[in-house]
2 protein chains.
Amino acid sequence: MEIAILLYDRFTALDCIGPYELLSRLPGARVRFVSVDGGLVRADTGMLAVQTEGPLDRIDAPDLVLVPGGPGDEAAAADGRIRAWLRRVHPKTKWTTSVCTGSIVLAAAGLLDGIEATTHWARRERLAELGATPVSKRVVRAGKIVTGAGVSAGIDMALELVREEMGADFAQGLQLAIEYDPDPPFDAGSPSKAPAHVLEMVRGVMNDLSRREGAG
Amino acid sequence: MEIAILLYDRFTALDCIGPYELLSRLPGARVRFVSVDGGLVRADTGMLAVQTEGPLDRIDAPDLVLVPGGPGDEAAAADGRIRAWLRRVHPKTKWTTSVCTGSIVLAAAGLLDGIEATTHWARRERLAELGATPVSKRVVRAGKIVTGAGVSAGIDMALELVREEMGADFAQGLQLAIEYDPDPPFDAGSPSKAPAHVLEMVRGVMNDLSRREGAG
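The rules behind these values
- Residues numbered from 1 in each chain as written.
- Chains lettered and ligands numbered in written order.
- Predicted model: local features only at pLDDT ≥ 70, side-chain atom pairs only at ≥ 80, totals over all residues.
- Helix = DSSP H or I, 4+ residues; strand = E, 2+ residues; numbered from the N terminus.
- Buried ≥ 20, exposed ≤ 12 C-beta atoms within 10 Å, placed from the backbone.
- Contact = placed C-beta atoms within 7 Å.
- Nonpolar A, V, L, I, M, F, W, Y, C, P; charged D, E, K, R; others polar.
- Expected span 1.5 Å × (residues − 1).
- Least-squares fit on C-alpha atoms with pLDDT ≥ 70 in both.

Now for the overall build of chain A. Scanning chain A from terminus to terminus reveals eight helices and ten strands. Taking the principal axes of its C-alpha atoms as reference, chain A extends roughly 45 × 40 × 35 Å. Here chain A, with 216 residues, has 56% of them falling under the buried criterion. Counted over contacts in chain A with a minimum sequence separation of 6, partners at least 24 positions apart contribute 63%.

Structural data, given as structure tokens:
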């Protein structure tokens, strides 16, 4: 299975490294990190750079596309070369997927018109503006389009894709191999569970960030 | 806070990208991915390359060191430049940490002699051989040495470090920001929970891998 993970300036690394860690273990999988121009692409923190292949217009149709989110999502969504590539490869994929605000990029390319999808909890309105039907779930499957919620949700999404591809035993084997027996010290990972003052704090930070990025 | 994440050939990416995603958001944090020679370092799948700084002997004492695991763990543990660097910087760190078999590397450098630590569930005996006292917990703290279990455990470990540094509100805020509300489709992430035939399958694959690597 040919897997293309689309990186762009200021992507969020865990969005794609979570799923990569699982999907790359599918038998016969070849993961390629790709970008508009190839070369090093820097994550949102500015502290991590990943090598990519490009230019994008020479990357042929993969079986699975994954688009991570990140503060660079709107700039990526505004890039005609990214939108054109997604429109070109999507008809031939087996799976077209996103994590976090990667769905903003898919939606901007017109791939989510009227389709149920998820995104980071703070960006659901923006996803709706772009024509998708936001659903408040961690993983949303609409035919071959599978979207994950914020950042860490990509791990759960990938486990479901692995199950689809290889069955439950294999998927559980990978879960065990990466010792994914989550035990966070708090139960604050969703807006419905976090304390109200924590939710307000994070919402404030994310709104400031969106405004600075000129995003929805 | 200066954070150094030590990469080596055939590291496992999620081991360090999970904690990176959280620790890099600490106020004033600067994360540097470092390696013996600098330049691109390739993960265990061969499909991901991360840019690093080096050479290691010019990397000054960071406040926090993190060593990921991976199939290259024994080769890293055998590298005198890595062991020397760890021994040099450890006395000045605030936190010395590892995820998965990164603890094998710490132990080989002599940092875990008689100290309680964890590692990937399949490698506990090897950790004991190297002088540590393996503990079957997801995150083990022994003074300033904090070790996480396999791969995904680094996320939980980092949340605890963030709480130590910035308090529970901030840690919960980061958990919410990365929407870490785990919901795997199976409950198979530890040897005590996975079905017996899945455990045997994974143990077999990991033993083969260890033999090929010439490891414990």
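Turning next to the interface of chain B and chain A. Listed per partner, the contact involves 57 residues of chain B and 57 residues of chain A. For the side of chain B that touches chain A, the secondary-structure elements that each account for two or more residues are helix H1 (13-23), strand S2 (30-34), strand S4 (49-52), helix H6 (153-166), helix H7 (168-177) and helix H8 (196-213) of chain B. If you tally residues by element for the side of chain B that touches chain A, the top one is H7(B), at eight residues. Looking at side-chain class alone, the side of chain B that touches chain A contains 34 nonpolar, twelve polar and eleven charged residues.

This paragraph deals with H6(B). Residue and element names in this part refer to chain B. Spanning 14 residues, H6 covers 20 Å between terminal C-alpha atoms, matching the ideal 20 Å at 1.5 Å per step. Of the positions making up H6, those classed as buried are Ala 153, Gly 154, Ile 155, Asp 156, Met 157, Ala 158, Leu 159, Leu 161 and Val 162. Close packing links the buried residues of H6 with H1, strand S6 (95-99), strand S9 (139-142), strand S10 (145-148) and H7. Gly 167, located one to two residues past H6, shows a positive phi value of around 90°.

Our focus in this paragraph is the relation of the copies chain B and chain A. With an RMSD of 0.0 Å, the operation that places chain B on chain A is a rotation of 180° combined with a shift of 0.0 Å along the axis. A rotation of that kind, with that shift, is consistent with a two-fold axis. Minimal C-alpha separation from the rotation axis in chain B is found for Val50(B), amounting to 2.3 Å.

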